[in-house]
Amino acid sequence: MSKYLSPKKKKRPNSNRKLLILLAAVLVVLAVLAFAIVRIFDSTLPDSGEDKGNTDSGQTTNPDSGSTGEGNQPDGSGDATGDGGSTQPGGEDTPVPTPADEAEKIAEADYLIRGYYYDEAIALLSGLTSQQAQDKLAEAEALKAGLVKYTGQTYHIFFHSLIIDTDLAFDDKGHPASGYNEWMTTRDEFVKMLPLLLENDFVLYDITWLCEYDETTGKVMKKDIYLPEGKKPLIMSFDDMNYYDYMLTDGFAQRLDVDENGKIVTHVGGTPVKRNGHIVDIKDYEVTYDGDAVPILDAFCEEHPEFSYRGAKGIAALTGYAGAFGWRITDLDWYTEAEQEMILNKVKLIAQTMRDNGWQIANHSYTHNQYWNNKTITMDQLKYDTGRWLNEIMPYVGESHILISPFGVSFKQDDERYRYIVEECGFYIYCPVTASMNTTFYGDNMIQERLNFDGLTMIKYPERIKKHFFDPALILDRERPPMD
Ligand SMILES: [Zn+2]
């Protein structure tokens with residue numbers, strides 16, 4: 001029943017990001033052309049206006065909204081290509097850009113530069129004639145030339161779903177408050193730390209850019225990092241982005257969704273809908289843009305593109321036993337056929353939207369069972385656990401080679417279970433938990449340790465954060481109960 005990933009077939013989404021950007025640009029140009037043709041038909045055949053007029057060119061090129069639209073280029077390159085295309089509809093008109101066009105392109109290029117998209121900015125500016133455009137072009141070229149090989153350590157911090165209502169989380173009804181106090185971070189804390197990380201020259205970096213996987217040999221090699229002088233690569237991950245039932249009344253978001261503009265939103269509040277003893281849905285929820293880390297980080301990077309190197313965001317680490325992103329896709333027998341299709345498509349759309357916005361998705365084990373924690377997991381249990389994730393989660397969230405271990409557990413390199421994880425399942429990026437945040441290459445896999453940025457570390461081991469980032473006392477939520 002289990003078909004494991006052979007380590008051969010690797011087409012990682014990130015290597016395709018450039019291609020996606022190109023594709024999006026081509027689509028936009030095609031859309032503009034189609035629009036121009038429709039307009040010509042409209043003007044020559046006035047009676048057909050009704051029919052043709054309804055074909056909104058924007059929609060026909062973006063059939064599944066978020067995944068192909070502006071979502072592709074969270075940091076403005078989408079706008080850049082879109083508007084760039086619209087100034088030359090069909091190339092028949094005079095190609096001389098007006099001062100207004102130039103000013104717009106310069107502004108777009110500026111935004112691209114802030115997000116480290118130097119080549120894209122250079123392409124946008126070349127051919128423009130104003131002094132201002134040429135200055136901006138020179139700036140982009142100087143910044144590109146100024147990238148230096150980064151030789152320091154990479155930093156990896158992780159969180160769980162953010163507490164958005166501290167009253168509910170710490171009321172000790174439902175799940176014990178002490179657990180949330182230790183292992184969770186509040187929304188307030190997360191929102192306050194982002195500008196501090198930015199000020200301290202951290203820049204979000206994509207974990208898959210740290211290594212190169214050789215398809216023929218199975219080797220995993222260190223890949224050089226180039227950043228502006230002084231910048232430090234930061235990887236963020238978010239464990240258990242599953243919105244488990246036990247959390248639904250404890251002050252967290254209920255699940256993720258995608259809005260009509262292709263942005264990730266959170267469903268907050270509302271009432272669980274039960275059927276045959278299972279919570280199968282939430283009704284009367286509120287749609288918000290700050291119910292968990294994904295929309296918060298997306299919005300922060302949109303406002304501060306300099307916090308994200310070429311669009312990189314974080315890693316969503318998913319288990320499988322409660323579905324994904326709050327949608328119970330591994331309990332399909334609770335649902336009608338139409339509902340099954342709806343929730344499976346929902347997870348696909350959320351995952352694709354996140355990936356298009358610079359997110360990675362990782363396996364966090366299917367079961368999150370204690371047999372991982374105490375490392376008694378047998379080969380059969382491991383095959384069952386990874387098999388279910390590969391067969392029931394990965395087809396909907398996309399191919400992944402990252403395993404973020406449950407309970408931060410780690411194995412010896414020659415442990416047969418670890419060999420199975422790397423060689424048979426293709427998880428060649430493995431992330432346990434250790435405050436030192438070392439990254440080590442072992443021939444066919446990379447291990448990157450993570451620091452838990454939670455209540456426990458902020459309160460009991462603040463020096464671990466202070467040493468690299470900032471004093472956690474600056475952000476600690478006053479609503480937290482005392483910790484023994
Ligand atoms: Zn976990």
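**Q** Tell me about helix 12 (residues 337-356), and name the residues and values.
**A** Given a rise of 1.5 Å per residue, 20 residues ought to cover 28 Å, and the 28 Å separating the end C-alpha atoms of helix 12 matches this to within 8%. Among all positions of helix 12, only Ile 343, Lys 346, Val 347, Leu 349, Ile 350, Ala 351, Gln 352, Thr 353, Met 354, Arg 355 and Asp 356 are buried. Two residues or fewer after helix 12 comes Gly 358, characterised by a positive phi angle close to 95 degrees.

**Q** Can you explain the sheet that holds strand 9 (residues 264-268)? Please cite residues and give values.
**A** One open sheet holds the three strands; their spatial order is 8-9-12, and the pairing between them is antiparallel. Two strands close off the open sheet at either side, each with one partner strand: strand 8 (255-258) and strand 12 (286-288). Within this sheet the neighbouring strands show an average axis-to-axis angle of 40 degrees, counted without direction. Where strand 9 meets strand 12, three bridges bridge the pair, whose relative direction is antiparallel. Opposite Val 268, over in strand 12, you have Glu 286 as the bridge partner. Docked against the sheet, helix 11 (residues 293-303) engages strand 8 and strand 9, running at close to 140 degrees with respect to strand 9. Each of strand 8 and strand 9 touches helix 12; the most contacted strand, strand 8, lies at about 75 degrees to it.

**Q** Provide a residue-level description of unusual backbone geometry, including the pertinent values.
**A** Backbone geometry at Arg 310 places phi at a positive 45 degrees, although glycine is not the residue there. When you line up the elements, Arg 310 lands in the loop between helix 11 and strand 13 (314-318). Accessibility expressed as a C-beta count within 10 Å gives 24 for Arg 310, which makes it buried. Of note, Met 437 is a non-glycine position whose phi angle comes to about 55 degrees, a positive value. Inspection of the secondary structure assignment puts Met 437 in the loop between strand 16 (429-431) and strand 17 (439-441).

**Q** Break down the nonpolar core for me, with residues and values.
**A** The nonpolar side chains of a soluble globular protein tend to be buried, and buried together. One finds Ala 121 and Val 347 to be the most contacted residues of the largest nonpolar core, which totals 100 residues. Apart from residues no more than four positions distant in its own chain, Ala 121 is found in contact with Ala 109, Leu 112, Ile 113 and Ala 140.

**Q** For the environment of Asn 345, give the residues involved together with the corresponding values.
**A** Secondary-structure assignment places Asn 345 in helix 12. For the pair Asn 345 and Tyr 396, spaced 51 residues apart in the sequence, the C-alpha separation amounts to 8.0 Å.

**Q** Report on the confidence of the model for the protein, specifying residues and quantitative values.
**A** Per-residue pLDDT for the protein averages 86, and the proportion of residues at 70 or more is 80%. When the criterion is pLDDT under 50, residues 1-15 qualifies, and its contacts beyond four places in sequence or with other chains add up to 23 contacts. In this model, residues 35-92 is a region of pLDDT below 50 whose contacts with residues beyond four sequence positions or in other chains number 94 contacts.

**Q** Could you give me a rundown of the packing of helix 6 (residues 118-125) against helix 7 (residues 131-145), with the residues and numbers involved?
**A** Following both chains from N to C, one finds helix 6 and helix 7 inclined at 155 degrees, their axes separated by 9 Å at the closest point. It follows that helix 6 is roughly antiparallel to helix 7 by the angle criterion. Helix 6 and helix 7 meet at a crossing whose hand is left-handed. Contacts from Tyr 118, Ala 121, Ile 122 and Leu 125 of helix 6 reach helix 7 at Ala 133, Lys 136, Leu 137, Ala 140, Glu 141, Leu 143 and Lys 144. Classifying every residue of the contact of helix 6 with helix 7 by side-chain character gives eight nonpolar, no polar and three charged.

Criteria and thresholds
- Residues numbered from 1 in each chain as written.
- Predicted model: local features only at pLDDT ≥ 70, side-chain atom pairs only at ≥ 80, totals over all residues.
- Helix = DSSP H or I, 4+ residues; strand = E, 2+ residues; numbered from the N terminus.
- Expected span 1.5 Å × (residues − 1).
- Buried ≥ 20, exposed ≤ 12 C-beta atoms within 10 Å, placed from the backbone.
- Pairing = 2+ DSSP bridges.
- Axes fitted to C-alpha atoms, helices over the stretch in contact; angles between N-to-C directions.
- Contact = placed C-beta atoms within 7 Å.
- Core = buried A, V, L, I, M, F, W, Y, C linked by C-beta atoms within 7 Å.
- pLDDT = per-residue confidence, 0-100.
- Parallel < 35°, antiparallel > 145°, perpendicular 65-115°, else oblique.
- Left-handed = near helix turned anticlockwise from the far one by under 90°.
- Nonpolar A, V, L, I, M, F, W, Y, C, P; charged D, E, K, R; others polar.

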